[in-house]
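Geometric and topological summary
The primary structure of each chain is shown beneath.
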Amino acid sequence: AKEVQAALSQLVRDSRFESVLYAAQTVNSYRGDAVFRVRDNGARVVIEQIPAHNYFVELDPDNQAEVVAQCVAWVREGEKGMGVLRVEHHTAGQIINEAYSVKYLQGQRRWEVRGQIDLAEVYPEGDGPAEVQFTSIDRPLLWHVPNFYDGESYWGLSDYGGGLDTLFEAANNRLSKI
């Protein structure tokens, strides 16, 4: 029991977990969701917050509270409107890493996926993740924390839902008449 507590205390220290939780609480309040990822950064295991807008889930159609699959995705922007969409598919015991070539369509303000590319193209120095990482953990290494859960949706609700947009719109209309 002492060894487990010592390892947990070290993980909390290495991750600066109190700061991570404080930031997540703030974001969770206005976005409605916070997401944590546990990962090995090579030197140590850390717990970090990831933006909820980078977190995607597939829910069981018969039970909307049951997650079938989850992933984290983000764009690494490059030159001349090109970039790389990085995707981590998290399942129990493993993470599958993928990369896709993407192009930003300026007029449409969106990214177009061109096709899958090898991870070695994204990380030419060889410092990228393996295509498949085995975690030896019997659950995915992502944790979703809804701010307010009403039981009707997987996603959390913002503390400010609906009210602020209307308030800002009314203030903007009033100011534009002055």
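On a predicted model such as this, the values are computed, not experimentally measured, just so you know. (Residues numbered from 1 in each chain as written. Predicted model: local features only at pLDDT ≥ 70, side-chain atom pairs only at ≥ 80, totals over all residues. Heavy atoms only, no water.)

1. Remarks on the environment of phenylalanine 17
Mapping phenylalanine 17 onto the fold places it in helix α2 (residues 17-31). Separated by 32 residues in sequence, phenylalanine 17 and glutamine 49 place their C-alpha atoms 9.5 Å apart. Dropping the residues within four chain positions of it, phenylalanine 17 is found in contact with Val12, Phe36 and Ile47. (Helix = DSSP H or I, 4+ residues; strand = E, 2+ residues; numbered from the N terminus. Contact = heavy atoms within 4.5 Å.)

2. A closer look at the pattern of salt bridges
Counted under the stated rule, the structure contains 4 salt bridges. Between arginine 37 and glutamate 48 there is a salt bridge, with its nearest N and O atoms 2.9 Å apart. Placement of the pair is arginine 37 in strand β1 (residues 33-40) and glutamate 48 in strand β2 (residues 45-50), with a sequence separation of 11 residues. Of the two residues, arginine 37 and glutamate 48, both sit in the buried class. (Salt bridge = Lys/Arg side-chain N within 4 Å of Asp/Glu carboxyl O. Buried < 20%, exposed > 50% of the residue type's maximum accessible area, 1.4 Å probe, protein only.)

3. A short note on the packing of aromatic side chains
On inspection of all chains with the given rule, the structure shows 3 aromatic pairs. Relative to tryptophan 155, the ring of tyrosine 55 has its centre 6.0 Å away and its plane inclined at 80 degrees; by these criteria the two rings are edge-to-face. Here tyrosine 55 is found in strand β3 (residues 55-60), whereas its partner tryptophan 155 is found in the loop between β9 (142-146) and α4 (163-176), with 100 residues between them in sequence. The class for tyrosine 55 is buried, based on a relative accessible area of 4%. Residue class for tryptophan 155 comes out partly exposed when judged on its relative accessible area of 31%. Grouped by ring-pair contacts, the aromatic residues Tyr55, Tyr154 and Trp155 constitute a single cluster. (Phe/Tyr/Trp six-rings, centres within 6.5 Å; stacked < 30°, edge-to-face > 60°.)

4. Regarding the nonpolar core
Counting 10 residues, the largest nonpolar core consists of Leu11, Phe17, Val20, Ala24, Ala34, Phe36, Val38, Ile47, Ile95 and Leu141. Where this core is concerned, the elements lending two or more residues are α2 and β1. Apart from residues no more than four positions distant in its own chain, alanine 34 is found in contact with Ala24, Asn28, Trp143, His144 and Val145. Judged by nonpolar contacts, the second largest core, of 8 residues, contains Val35, Ile50, Ala52 and Tyr55. (Core = buried A, V, L, I, M, F, W, Y, C linked by side-chain atoms within 4.5 Å.)

Read these as layout, nothing more, since geometry by itself doesn't imply function.
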